[in-house]
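Structure assessment
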Amino acid sequence: TDKNLEKLRNDDNIDKSVFDNENIKLENATLLVLCRNWELKDILSSMRSLEDRFNKNYHYPWTFLNDVPFDEEFIMWTTEMASGKTEYGLIPKEDWNTPSFIDQEKYEKSIEKAIKDDIIYGFSKSYRNMCHFNSGYFFRQELTLKYDYYFRVEPGVEYFCDFQMDPFRLLRESGKKYTFVVSLYEYPETIPTLWDTVEDFLNEHPSYLHPNSAIEFLTSKAPIGTNALDLGNSSYNLCHFWSNFEIGDLNFFRSKEYLDYFEYLSKSGGFYYERWGDAPVHSIGAVLLLDKDEILHFEDIGYNHVPFFTYPEGRQVTKYKRCVVPKDKDNINVKLGSCLPRWWKFGSGKKFLKEYYHE
Ligand code: GDP
Ligand code: MN
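Cut-offs used in this document
- Residues numbered from 1 in each chain as written.
- Chains lettered and ligands numbered in written order.
- Predicted model: local features only at pLDDT ≥ 70, side-chain atom pairs only at ≥ 80, totals over all residues.
- Helix = DSSP H or I, 4+ residues; strand = E, 2+ residues; numbered from the N terminus.
- Contact = placed C-beta atoms within 7 Å.
- Near = placed C-beta within 6 Å.
- Pairing = 2+ DSSP bridges.
- Buried ≥ 20, exposed ≤ 12 C-beta atoms within 10 Å, placed from the backbone.
- Arc of directions from axis to C-beta.

**Let's talk about the overall build of the protein chain**
Scanning the protein chain for helices and strands turns up 15 helices and twelve strands. Put simply, of all contacts in the protein chain between residues at least 6 apart along the chain, 79% involve residues at least 24 apart.

Written out as structure tokens, the structure is:
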């Protein structure tokens, strides 16, 4: 009845989007895409999925970034697919290209070695530029500076459940600054000196380690069956949040602490002489610099980025959020190789499920 509806409308705990669009207050947030012109088809399918499951009820703006100008086709089709406004940014060369302090000869040698060792994306210079950009520059582009929150969207991903909420609002209201859905072990060959560099950084800035950090999520012994033990002296267990899905607070990345951290890592050259990914860099930064309660695992978002699937399994949530997951796709959450059970133990927000924790 109208009266009930009125009551619900006035209840601050209810997500108004389930009734109508009038009362929605948008957050200062954007759906953020870094991609290449030739990825048009795959970004359209990601956009369609996110629009249908979430954004068509909200119309958050989309922001597209590229190291070369987007072409007309790309702009036309993505504008059509978006329910909110779209903006297209060209990344300045100095934010994208390999920094001049990188020793070219050493860099070429490291690429040759990475190819010989069959390291994933080891051959690619653009992949290294991308990881460096995503680690230190996406949050301070002309188009992103005006926002407080971002939702990273990659080409070719899929969302399986209705959101039934505004995740940006959830972040602001609960004080979350970094959120994830999948957590995995990094390939050790890509980051031989990352952790040593992080330790050097922390020794220079001991006060940067948050007193309520989830550092144990990153540091104790790794499960048998992963490569983590091959790292030798390092005490990093390779756990990281899979950064192709992220919803986060841009102001965290713009903080002095994170910027100092990024600068320190960047100056060491490891993004180029090795092949550091933005996933371990974001994850280690967030885990060390933030209160563990500022990091959230979204357990009710269904998501796929090749090759992993994650989704809620409860019948009620599956029904209510209309989750439809392709057949026979295992949930990565509690598989060997997932760090999520470790997050449940050392992070926040979920009690430890002993049966899933392999150590
Ligand atoms: P993967 O997820 O690690 O396999 O790597 P992707 O190929 O998906 O790259 C990660 C993100 O960076 C995706 O959003 C890509 O579209 C984007 N990306 C990767 N390389 C480039 C590049 O050279 N230029 C641009 N503009 N985007 C890139
Ligand atoms: Mn990807």
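**Some words on the site of ligand 1**
The local shell around ligand 1 consists of Leu-34, Cys-35, Arg-36, Glu-39, Asn-66, Asp-67, Ser-126, Tyr-127, Met-130, Glu-154, Pro-155 and Asn-244. With three residues, helix α6 (residues 125–136) is the single largest residue contributor to the shell around ligand 1.

**Some words on the sheet that holds strand β5 (residues 158–159)**
Read from one edge to the other, the open sheet built from three strands follows the order β5-β11-β12, with strand pairing classed as antiparallel. Across the chains shown, the open sheet's two edge strands, defined by having one partner strand only, are β5 and β12 (308–310). Summarising the sheet, β5 and strand β11 (residues 303–305) pair through two bridges and their orientation is antiparallel. Bridge pairing links Glu-158 to Asn-304 in β11.

**With respect to the pairing of strand β4 (residues 149–152)**
In this sheet, β4 lies alongside strand β1 (residues 29–34) in parallel orientation, the contact comprising four bridges. Bridged to Leu-32 within β4 is Arg-152. As judged from the four bridges shared by β4 and strand β9 (residues 246–249), these two strands associate in the antiparallel manner. Bridge pairing in β9 places Phe-151 opposite Ile-247.

**Points about helix α7 (residues 167–174)**
Turning to α7, its buried residues are Pro-167, Phe-168 and Leu-171. The buried residues of α7 occupy one face: seen down the axis, they fall within an arc of 110°. Exposed positions of α7 whose direction lies more than 90 degrees from the buried face are Glu-173 and Ser-174. Where α7 is buried, its residues contact β1, β4, β6 (178–180) and β9.

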